[in-house]
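What follows is each chain in one-letter form.
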Amino acid sequence: MATLAVTRRHDLTDAQWQQLAVLLPAASVKGRPPKWDKRQLINGIRWRIRIGSPWRDVPAEYGP
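So, here's what we can say about the structure. (Residues numbered from 1 in each chain as written. Predicted model: local features only at pLDDT ≥ 70, side-chain atom pairs only at ≥ 80, totals over all residues. Heavy atoms only, no water.)

When the charged atoms of two side chains lie near each other, side chains of opposite charge can form a pair. A complete count under the given rule lists one salt bridge for this structure. Between arginine 39 and aspartate 14 there is a salt bridge whose closest N-O contact spans 2.9 Å. Of this pair, arginine 39 sits in helix 2 (residues 38-51) while aspartate 14 sits in helix 1 (residues 14-21); the two residues are 25 residues apart in sequence, bridging distant segments of the chain. Given the relative accessible area of 2%, arginine 39 is considered buried. (Salt bridge = Lys/Arg side-chain N within 4 Å of Asp/Glu carboxyl O. Helix = DSSP H or I, 4+ residues; strand = E, 2+ residues; numbered from the N terminus. Buried < 20%, exposed > 50% of the residue type's maximum accessible area, 1.4 Å probe, protein only.)

In structure tokens:
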């Protein structure tokens, strides 16, 4: 599994992601593959909560 480079100071480190990834549900083999990986989405949610901005202001690298 390719890892996302930590682009921001408060994004998940590789060690933190490894611990969290085992707790997340496995990807479904049916249907279309996801456009954004779970790490990007979780980092985006963490960014929004930390900053307190509206969803529309979340940086594009975290997904829509």
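A separate point is helix 2. Between its first and last C-alpha atoms helix 2 spans 20 Å; for 14 residues at 1.5 Å apiece the expected length is 20 Å, and the two agree. Among all positions in helix 2, only Arg39, Gln40, Ile42, Asn43, Gly44 and Trp47 are buried. Where the residues of helix 2 are buried, they touch helix 1. Just downstream of helix 2, glycine 52 is the residue with a positive phi angle, here 85 degrees. (Expected span 1.5 Å × (residues − 1). Contact = heavy atoms within 4.5 Å.)

On to the environment of arginine 46. Mapping arginine 46 onto the fold places it in helix 2. Sequence separation between arginine 46 and histidine 10 is 36 residues, and the spatial gap between their C-alpha atoms is 8.6 Å. When residues no more than four places from it in sequence are discounted, the contact partners of arginine 46 are His10, Asp11 and Leu12.

Let us now look at the side chain of serine 53. Checked against the element boundaries, serine 53 lands in the segment after helix 2. Judged by relative accessible area, serine 53 falls into the buried class, the value being 10%. Each residue touching serine 53, except ones within four places of it in the same chain, is listed here: Trp47 and Arg48.

Our next topic: the packing of helix 1 against helix 2. Relative placement of two packed helices is described by the angle separating their axes and the distance separating the axes. Where helix 1 meets helix 2, the axes come as close as 12 Å, and the angle between the chain directions of the two elements is 105 degrees. As summarised for this structure, helix 1 and helix 2 are arranged roughly perpendicular, according to the angle between their axes. Here Asp14, Trp17 and Leu20 of helix 1 lie close against helix 2, whose contacting residues are Lys38, Arg39 and Ile42. Residues that form the contact of helix 1 with helix 2 fall into these classes: three nonpolar, no polar and three charged. (Axes fitted to C-alpha atoms, helices over the stretch in contact; angles between N-to-C directions. Parallel < 35°, antiparallel > 145°, perpendicular 65-115°, else oblique. Nonpolar A, V, L, I, M, F, W, Y, C, P; charged D, E, K, R; others polar.)

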